[in-house]
Amino acid sequence: MIDWLWTMTDKSQPVDHGKGETRRDFLYVATATFGTLGAAFAAWPLIDVMNPSAEVRALSSTEVDLAPIAEGQRITIKWRGRPVFIDRRTPERIRAAESVDLDALIDPQPDSARTQRPEWLVVVGVCTHLGCIPLGQKATDPWGEYGGWFCPCHGSHYDTSGRIRKGPAPKNLEVPPYEFLDDSTVLIG
Amino acid sequence: MSERTWNNRLIKWVDDRLPVFTILKNELIDYPTPKNLSYWWNFGSLAGVMLVIMTVTGIFLAMHYTPHVDLAFVSVERIMRDVNYGWLLRYIHLNGGSAFFLVVYIHLFRGLYYGSYKSPREVLWWLGLIILILMMATAFMGYVLPWGQMSFWAATVITSLFTAIPFVGETITTWLWGGFTVGNPTLNRFYSLHYLLPFVIFAVVFLHMLALHTSKSNNPLGIDVKGPQDTLPFHPYYTVKDLLGLGVLLAILMGFVFFAPNFFGEPENYIPADPFLTPAHIVPEWYFLPFYAILRAVPDIWFIPAKLAGLMAMAASLLILFALPWLDTSKVRSARFRPIYKQVFWILVVDCIVLGWAGANPPEGIYLIVGRIATAYYFFHFLILMPLLGFMERPHPLPESISEPVVKGAGAVAGGAAAEPMEKAR
Ligand code: HEM
Ligand code: FES
């Protein structure tokens, strides 16, 4: 397999396919394989050093007190450096979210798969297109055509379940891992 | 030329051991250069000077800049207000980035017009494209450093593009960020790489020069040098010409630095980064606008979602240039002798400007439609027109040599007829 190299480097010698050459070939291949593997192992720390470090990963959960949130109110909290939207949904918003025909969705998901308790919608407030923060947390914001959120960057519309309905975003707003510690406290992360 | 001796004994002593003087003399002074080069050939040396200016101002800025999310913005403001001549260094670095891209884009289109990418200069062309890609990475990361609103959101939108990659997109993006969003680890690594990449560019520029001095300069006629009568020594003829061009460039650059330093900038970037508030309209620097337009022009294609398709189209718009030496089937280099390509070239220039205009505006309504048409045309030019033109177009007769039209006037009647079969045979 390395005859071409041999003939290239030493044109004066006739190419010898005898036993000795085969053994030499084996040594070449074995050395190259070992060298490559070693380099790959040595490269891994350099790659992994760029991944999130322990203290960044450690900031991963946040406790939120839900008691002060009124019905119909939306609040933004910070989790892993990103905004998380919490919406205490009104019955109309819940009904709007539940009554949608799944076939009409870009990323089909029933509302029940996106909430633990219908009253509380918890989603990561980062547009799944290119990471802008959708508008809709303030009463004065545009909420989009489906009464949820509207991303101003490239015009993505999300519904009251945080599902993408129109625009370039490919996926629904992400639901972070969370659990209710009691009726008025939620642990995100 | 090869066996020269130096009169000065010290120079000779050094040169016998390390032939720097011989190399300089051969490559910068005696170096035979086609005698018909026009001012379009100035832009290579201008790009080299810009690289030096960017590096020098950057190194001194780095002495005062702090790469931390809480301090970066204020450290840049400190450079502007408190550091002696800090404003000057920063404004040269800022406007120098724009000047650098302008010069390099003209340099590249010069190559397109005169067929400088064709044999034997393919590798020279590739090295130039690699420099362009490295410059883009450098400028993108540099723009993030002042940590204003545009810095942060440009970084977010552009790095989020990688989430479009199937299966591993999220992992790659988290790895790029060093966190779960653009944040302090991102700023730190961008600073490290922004400092490193210009030196990588220097290395590739060196290879670019090595390739150039192997295949030698093309020229406005696009025909090969036939002998010493077609060339001039680089010094003083082209050193002087390059210096004049440099004077003009520096006058323009310093005009912006002194009188309109924020002409190319975004006011939004003088607001400190706020990860919880996206600006209404995110735009990249002007030199990225055509690519930004291509990115956003592409809709869902069959099973490929728009986000991924846009990313692929943007990458393809650059990568396609690597294949240009083979996509262009014409044997004639210079557009001067290619009546159709000459027009098509200018349509491509206009197309790129239109793309830039579409990229500066939100991707909706007329902007989106124009962006899509211009994107389609860009690919049509390289993938369809360039291969077809080589067969369809009838080139004008080429002059016999570079000196001929210079010496005998532009007539070239008999000579042109004689040159044609020879060039065809190549
Ligand atoms: C290929 C050459 C280079 C290009 C195209 C480039 C481009 C840029 C750009 C576009 C900015 C943003 C300026 C702003 O908006 O304020 C910037 C900032 C910066 N660059 Fe460079 N740069 C280059 C070389 C360097 C080098 C060699 C250094 C040395 C370490 C450097 C250090 C800095 C620093 C410290 C900043 C932040 C301060 C500021 O914003 O003015 N740059 N660069
Ligand atoms: S980032 Fe939200 S639509 Fe593009």
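Because the structure is a prediction, the values reported are computed rather than measured.

### Details of the overall build of chain A
Scanning chain A from N- to C-terminus turns up four helices and nine strands. Mapped from its N terminus to its C terminus, chain A presents α and β elements in the order α-α-α-β-β-β-α-β-β-β-β-β-β. For chain A, with 189 residues in total, the buried portion stands at 39%. Looking at chain A as shown, the accessible area adds up to about 10,600 Å², and 60% of this sits on carbon and sulfur atoms.

### Describing the overall build of chain B
Helices and strands together make up the secondary structure of chain B, namely 17 helices and two strands. For a compact globule of 426 residues, the expected C-alpha radius of gyration is about 22 Å, and chain B comes in at 24 Å, within 12% of that figure. Each principal axis of the C-alpha atoms in chain B carries an extent, and together these give about 70 × 65 × 40 Å. A buried classification covers 51% of the 426 residues belonging to chain B.

### Quick word on the interface of chain A and chain B
Contacts between the two partners involve 25 residues from chain A, matched on the other side by 24 residues from chain B. Both faces considered, chain A and chain B share a buried interface measuring about 2,000 Å² in area, 70% of it formed by carbon and sulfur atoms. When residues of chain A are sorted by the area they lose upon contact with chain B, A:Met50, A:Leu130 and A:Ile133 head the list and together hold 30% of the total. Along the contact surface separating chain A from chain B lie zero salt bridges. Summed over the shared surface of chain A and chain B, the number is six residue pairs in polar contact (both at pLDDT 80 or more). Elements supplying a minimum of two residues to the side of chain A that touches chain B: helix H3 (54-58), strand E2 (74-79) and strand E3 (82-88) of chain A. Of the residues contributing to the side of chain A that touches chain B, the split by class is twelve nonpolar, eight polar and five charged.

### Focus: the state of the cysteines
All names here are of chain A. Tallied over the full model, the rule gives one disulfide over all chains. Put simply, Cys-132 and Cys-153 are joined by a disulfide, and their sulfur atoms are 2.0 Å apart. Measuring the twist about the S-S bond at about -90°, one finds the Cys-132-Cys-153 disulfide to be left-handed. Residue Cys-132 is found in the loop between strand E4 (120-124) and strand E5 (147-151), and its partner Cys-153 is found in the loop between E5 and strand E6 (156-159); the two are separated by 21 residues along the sequence.

### Focus on the domain arrangement of chain B
Residues and elements named next belong to chain B. Once the domains are mapped, chain B shows domain 1 (1-26), domain 2 (31-284) and domain 3 (286-416). Computed over C-alpha atoms only, the centres of domain 2 and domain 3 are separated by 22 Å. With 51 residues of domain 2 at the contact, the number on the domain 3 side is 45 residues. With both chains or domains summed, domain 2 and domain 3 bury close to 4,200 Å², and 71% of this area falls on carbon and sulfur atoms. In terms of surface lost to domain 3, no three residues of domain 2 exceed Tyr-113, Leu-221 and Pro-284, which account for 18% of the buried area on that side.

### Observations regarding the coordination of the iron atom of ligand 1
When a metal carries six donors in an octahedron, the ideal angles between them are 90 or 180 degrees, while four donors in a tetrahedron ideally lie at 109.5 degrees. Residue and element names in this part refer to chain B. Only His-93 (NE2) and His-194 (NE2) from the protein reach the iron atom of ligand 1 as donors, at distances of 2.0 Å. Around the iron atom of ligand 1, the six donor atoms sit at angles spanning 86 to 179°, and that spread fits a shape best called octahedral. Residue His-93 is located in helix H5 (residues 86-114), and its partner His-194 is located in helix H9 (residues 184-215); the two are separated by 101 residues in the primary sequence. Exposure remark for His-93: the relative accessible area of 18% places this residue in the buried category.

### Digging into the pattern of salt bridges
Residues and elements named next belong to chain B. Across all of its chains, the model carries 16 salt bridges over all chains by this definition. Of the charged contacts, one joins Asp-328 and Lys-118 as a salt bridge, the two residues approaching to 3.1 Å between their closest N and O atoms. Of this pair, Asp-328 sits in the loop between helix H13 (324-327) and helix H14 (339-360) while Lys-118 sits in the loop between H5 and helix H6 (122-144), and the two are 210 residues apart along the sequence. Connected via shared salt-bridge partners are Lys-118, Asp-328, Arg-338 and Glu-393.

### Overview of a nonpolar patch on the surface
Residue and element names in this part refer to chain B. Judged by side-chain polarity, Val-52, Val-56, Phe-60, Met-63, Tyr-195, Phe-199 and Phe-202 come together as a nonpolar surface patch covering roughly 620 Å² of accessible area. Of all the secondary-structure elements, those providing two or more residues to the nonpolar patch are helix H3 (43-62) and H9. Structurally, the position occupied by Val-56 is in helix H3. A residue is classified by how much of its surface remains accessible, and Val-56, at 43% relative accessible area, is partly exposed.

Cut-offs used in this document
Position labels on residues start from 1 in each chain and follow its written sequence. Working convention: letters from A go to chains and numbers from 1 go to ligands, in the order in which they are written. Restriction of local features to residues with pLDDT of at least 70 applies here, the model being predicted, together with a cutoff of 80 or more for giving and counting side-chain atom pairs; totals for whole chains, interfaces and linings are based on all residues. Note: side-chain values were computed over all heavy atoms of the structure, leaving out hydrogens and water. Only DSSP runs of H or I reaching four residues or more are called helices, and only runs of E reaching two or more are called strands; each is numbered from the N terminus. When accessible area is computed with a 1.4 Å probe and restricted to protein chains, residues below 20% of their type maximum are described as buried, those above 50% as exposed, and intermediate ones as partly exposed. Reported accessibility uses the Shrake-Rupley method at a 1.4 Å probe radius. Residues are deemed covered only where the shown protein chains occlude them. Atoms counted for the radius of gyration: C-alpha only. Globule rule: 2.2 Å times residue count to the power 0.38. Two residues form a contact once any of their heavy atoms are found within 4.5 Å. What counts as buried area is the accessible surface, traced by a 1.4 Å probe, that two parts surrender upon association, with contributions from both included. Salt bridges are counted wherever a side-chain nitrogen of Lys or Arg sits within 4 Å of a carboxyl oxygen of Asp or Glu. Polar contacts, as used here, are pairs of N or O atoms within 3.5 Å; protein pairs need one atom able to donate a hydrogen and one able to accept it. Residues neighboring in sequence count only if both atoms are side-chain atoms. For this classification, the nonpolar set comprises Ala, Val, Leu, Ile, Met, Phe, Trp, Tyr, Cys and Pro, the charged set comprises Asp, Glu, Lys and Arg, and every other residue, Gly included, is treated as polar. The disulfide definition used here is simple: a pair of cysteine sulfur atoms within 2.5 Å. An automatic or database domain assignment provides the domain bounds reported here. Metal-coordinating donors are taken as N, O and S atoms lying within 2.8 Å of the metal, or within 3.2 Å when the metal is Na, K or Ca; because water is left out, some sites can appear incomplete. Key to geometry: four donors with every angle between 85 and 135 degrees are tetrahedral; four donors are square planar and six octahedral where opposite donors lie over 155 degrees apart and all remaining angles lie between 65 and 115; all other sites are irregular. Exposure above 30% relative accessible area and the absence of a salt bridge qualify a residue for a patch, where like charges join within 9 Å and nonpolar side chains (Val, Leu, Ile, Met, Phe, Trp, Tyr) within 5 Å.

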